[in-house]
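Next come the chains, spelled out residue by residue.
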Amino acid sequence: MSVHQPVPQISAPHVGATPDDADLPEVAVIVPVYKGAAMLGELVRRLRETLRGIDARYQIVLVDDRSPDESWTGILAESAADPGVLGVRLSRNFGQHAAISAGMAHARARWYVVMDCDLQDPPEAIADLYRHAIETDADVVIAERETSGLGAGRNLGSTLFNTALRWSSGLEVSSKFGNFRIFSDKVAAAFRAYPEQLRLFPAIMTQLGFETRRLRLPRNERAEGKSSYNLFKLAKLGLETIIAYSEKPLWLMTGVGVAVCIASVLFGLTITVNALVNGISVPGYASLASLISFLGGLQVFLISLVGLYVGRALAEAKRRPVFIVDRLATAGTPDTPQRPKDTP
């Protein structure tokens, strides 16, 4: 008989590992899975070997972001074979960063690692990240990529995305590092308490602060398939992230408005002086039409930008779930359906 369990909320209380938590796994690895069925077996095998080299107690949380392939079937097999593997299946495709939040809500350990399922970041590097965190007494160690492992188009998109986000929000983001990192339990607790509906894992981690180090690590070419992020998706994510994490566009709009007002006053004074000195002449309709069209387009653009901010504020005010869990899978309770927890 399956037991219905409440779905953990991402806004978990501030709790950190204490010396009394003797049964906690040393490391928990959170992996969002989307179109990763072909790589799951090798991924879990290499993770298991690496984590056992650190400590006998470990946790691997595989979050199926409603992948269209056989990822969930593979997760069921891995969780049934290893009690250290937890499978989490979302009710629909919520996106990579929401899937990471779902994994964080279910994981519990002294140290956490977030990585992708495509094996571009080698699981064996977790031991290096863990060792560096212990040696430097850091709360966060970010894997800095020696090479991106991406194609030219994706490289360009990632560079533009990170440059725009860094300029607009002041967040320390770069195409040289992504999700792959290790961080302590107190950092994980702070992450869970973050209320944003738009989840961008690297941006939230940057805002959290804490003692952070970087470690240069190799990155492999993608072995199977291709990234689900294209230039359009990156541009959309970039715009949404700028709106969510920065007020700089609003200040820029204010500056543009002031500049247009000053230019209008100067233009009006020029016309007035010319009329007084040379008399009133027939105006140029071409220049007048161009000016009206330009100002009209500028107004529509600025109003649309304000509308995006209003829409983002509305989305945050609705407080909809960041994710909804459909099923959990462990060695003891394989494929257990979940009942959503009532929220106010």
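Structure's up top.
Residues numbered from 1 in each chain as written. Predicted model: local features only at pLDDT ≥ 70, side-chain atom pairs only at ≥ 80, totals over all residues. Heavy atoms only, no water.

A few words on the overall build of the protein. Scanning the protein from N- to C-terminus turns up 10 helices and 9 strands. The 344 residues of the protein split such that 43% are buried. Summarising the internal contacts of the protein: among those between residues at least 6 apart in sequence, 83% fall at separations of at least 24. Total accessible area on the protein stands at roughly 17800 Å², and carbon and sulfur atoms take up 60% of it. (Helix = DSSP H or I, 4+ residues; strand = E, 2+ residues; numbered from the N terminus. Buried < 20%, exposed > 50% of the residue type's maximum accessible area, 1.4 Å probe, protein only. Contact = heavy atoms within 4.5 Å. Areas by Shrake-Rupley, 256 points an atom, 1.4 Å probe, with all protein chains shown as cover.)

Even without glycine at this site, Arg 66 takes up a positive phi of about 50°. With relative accessibility at 30%, the residue Arg 66 sits in the partly exposed group. Within the chain, Leu 119 stands out as a residue other than glycine whose phi angle is a positive 65°. Locating Leu 119 in the fold gives a position in the loop between β4 (111-114) and α4 (125-136).

A few words now on the nonpolar core. As a rule of thumb, soluble globular proteins bury nonpolar side chains together. Among the nonpolar cores identified, the biggest contains 35 residues, and Leu 90, Tyr 112 and Phe 183 are the most heavily contacted of them. Leu 90 has contacts with Val 63, Asp 64, Asp 65, Arg 66, Ala 99, Ala 102, Phe 323, Ile 324, Val 325 and Asp 326, leaving out every residue within four places of it along the chain. Core analysis: the second largest hydrophobic core is formed by 34 residues, Val 33, Tyr 58, Val 141 and Ala 143 among them. (Core = buried A, V, L, I, M, F, W, Y, C linked by side-chain atoms within 4.5 Å.)

Our focus in this paragraph is the packing of helix α1 (residues 37-54) against helix α2 (residues 71-81). Closest axis-to-axis distance for the α1/α2 pair is 8 Å, and the angle between their directions is 30°. Put simply, α1 runs roughly parallel to α2. Both α1 and α2 take part in a crossing whose hand is right-handed. Residue-level contacts link Ala 37, Leu 40, Gly 41, Val 44 and Arg 48 of α1 to Ser 71, Gly 74, Ile 75 and Glu 78 of α2. Partitioning the contact of α1 with α2 into residue classes produces 4 nonpolar, 3 polar and 2 charged. (Axes fitted to C-alpha atoms, helices over the stretch in contact; angles between N-to-C directions. Parallel < 35°, antiparallel > 145°, perpendicular 65-115°, else oblique. Left-handed = near helix turned anticlockwise from the far one by under 90°. Nonpolar A, V, L, I, M, F, W, Y, C, P; charged D, E, K, R; others polar.)

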